[in-house]
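The residues making up each chain are set out below.
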Amino acid sequence: MPATRIVVPAKAKKGEIVEIKTIINHPQETGFRHDNVGRPIPRDIITRFTCTYAGEEVFRMDLFTGVAANPFVGFTTIATETGDLVFEWTDQHGAVTREQTRLTVT
Amino acid sequence: MLLPCHPRESGDPATRLPLPPMRIAWALLAAVLSTFALRALAQEPPRTIAPSDLRSGKEFVSPETRGQQDDLTINPGMLWVEQGDKLWRTPAGPEAKSCASCHGAPSALKGAAARYPLYDARLGRLLNLEARIQQCRAERQQATPLAYESQELLALTALVAHQSRGLPMSVAIDGPARPFFDAGRALYHQRQGQLDLACAQCHDQSWGKRLRVERISQGHATGFPIYRLEWQTLGSLHRRLRACFQGVRAEPYPSGAPELVALELYLGWRAQGLPIETPAVRR
């Protein structure tokens, strides 16, 4: 499973805007390149990234071959209730990388 | 008939001194001075960039790239540092020893990276950080060796070097390290390749100028392994040097070659005092 890094504050006040930063280790191979003996390198990309907060989807993104390796995605959401943030990266073969972190709202 | 050219050749042989006292004093002074000069020369070779003019490579990249390096939460190189942290605690070899079994936390090696490349008296050769990790793994863990440029070795190197982030480079070039330093220095000033260029011509004499779209850096190796946007991944100093050799159309040395380690020592001395930035982000 590819390595990921997620930065979310552990606590937030209700109504506060929370900044979320994620990065995943992935080659994002475009499929347009060739190796040193001329064979095409097959495409290998993440195609979808989603984030749910307390069961509700707050962010979704489709990725294509133009996205660089090790995609970094940053976005914000509003702290409403204490709950889990679940991050899912789905690659072109359907394999899912899942990470979870808890946000405590006071 | 030869004229007497020296005072001691004239005069009474009985009262003659081998050298007049003043001459002895001058000779002694000259000898002492030249010894000092030679020692000073042997210890501190001339610097081509004044210490006050030293600029890290990060000052030659765009503010965006610099920001990506400085903010560790978005620095992609940290993915390798974290992987290195996992490997640090992963047992390997017949005795199932991990790096942590001997060293404890990675922070125990704080400052180590600043001293590499380092001459190892027992092995009788100059080791860079990668070679030290490889040697440690082979001898102490007796585990399968990690190939140079492999993801595992890059990750462990990044982890160890990251512990010294912010500390100044301080390699030793005296004593047995000196011949390696001299070899590295010679290679740095050696014109090579079809373009007949030496490292010094760009990085000592032309830094700050433009080379097409890029500003020429001073070529300090303080942030390795680096995340290079062109590579889309983390890479070693030797990989970067290979790109330089190819750039001047010279035959590159293989990664880990003694010539490159010697050059690495010279580069370390050139950057003396600059803080370590691992993992650096470069274009």
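Now for a quick tour of the structure. Every value quoted in this text rests on a predicted model; they were computed, and no experiment measured them.

**Some remarks on helix H5 (residues 129–141) of chain B**
Residues and elements named next belong to chain B. In this model H5 runs 17 Å from its N-terminal to its C-terminal C-alpha over 13 residues, within 8% of the 18 Å that 1.5 Å per residue would give. Those residues of H5 that fall on the buried side of the exposure criterion are Leu129, Glu130, Ala131, Arg132, Ile133, Gln134 and Arg137. Buried residues in H5 make contact with strand S2 (125–127), helix H6 (151–162) and helix H10 (258–270).

**Regarding helix H3 (residues 78–88) of chain B**
Buried within H3 of chain B are the following residues: Met78, Leu79, Trp80, Val81, Gln83 and Gly84 of chain B. Taken together, the buried residues of H3 of chain B touch strand S1 (4–7) and strand S3 (17–24) of chain A together with H6 and strand S6 (233–235) of chain B.

**Here's the deal with the packing of helix H7 (residues 178–188) of chain B against H10 of chain B**
Residues and elements named next belong to chain B. Remark: H7 packs on H10, axes separated minimally by 7 Å, with the N-to-C direction vectors making an angle of 90 degrees. Judged on the interaxial angle alone, H10 and H7 are roughly perpendicular. Along the contact surface, H7 presents Phe180, Phe181, Ala183, Gly184, Arg185, Leu187 and Tyr188, while H10 presents Glu259, Ala262, Leu263, Leu265, Tyr266 and Trp269. Taken together, the residues that form the contact of H7 with H10 break down as ten nonpolar, one polar and two charged.

**What about the sheet that holds S1 of chain A?**
Residues and elements named next belong to chain A. One open sheet accounts for three strands, arranged S1-S3-S6; its pairing is antiparallel. Looking at which strands have only one partner, the edges of the open sheet turn out to be S1 and strand S6 (72–78). Mean inter-strand twist for the sheet, computed between neighbouring axes without regard to direction, equals 15 degrees.

**Structural notes on the interface of chain A and chain B**
Between chain A and chain B, the residue contacts involve ten residues of the former and nine residues of the latter. The set of elements that each furnish at least two residues to the side of chain A that touches chain B consists of S1 and S3 of chain A. Grouping the amino acids of the side of chain A that touches chain B by side-chain chemistry returns six nonpolar, two polar and two charged.

Thresholds, definitions, all that
Going along each chain's sequence as written, the residues are numbered from 1 onward. Starting at A for chains and at 1 for ligands, labels are handed out in the order in which the entities are written. Reporting of local features is limited, given that this is a predicted model, to residues whose pLDDT is at least 70; pairs of side-chain atoms are given and counted only at 80 or more, and all residues count toward the totals for whole chains, interfaces and linings. By the criteria applied, helices consist of DSSP H or I runs no shorter than four residues and strands consist of E runs no shorter than two, each listed in order from the N terminus. One less than the number of residues in a helix, times 1.5 Å, gives the span that helix is expected to have. Counting other C-beta atoms within 10 Å of its own, a residue is labelled buried from 20 upward, exposed at 12 or fewer, and partly exposed in the gap between, with every C-beta atom placed from the backbone. What counts as a contact is two residues whose backbone-derived C-beta atoms lie within 7 Å of each other. Fitted lines through C-alpha atoms give the axes, limited to the stretch in contact for helices. The angle between two N-to-C directions lies from 0 to 180 degrees. For classification purposes, angles smaller than 35 degrees are called roughly parallel, those larger than 145 roughly antiparallel, those between 65 and 115 roughly perpendicular, and all remaining angles oblique. When residues are sorted by character, Ala, Val, Leu, Ile, Met, Phe, Trp, Tyr, Cys and Pro go into the nonpolar class, Asp, Glu, Lys and Arg into the charged class, and all the rest, Gly among them, into the polar class. One bridge is not enough; two strands pair if DSSP finds at least two bridges between them.

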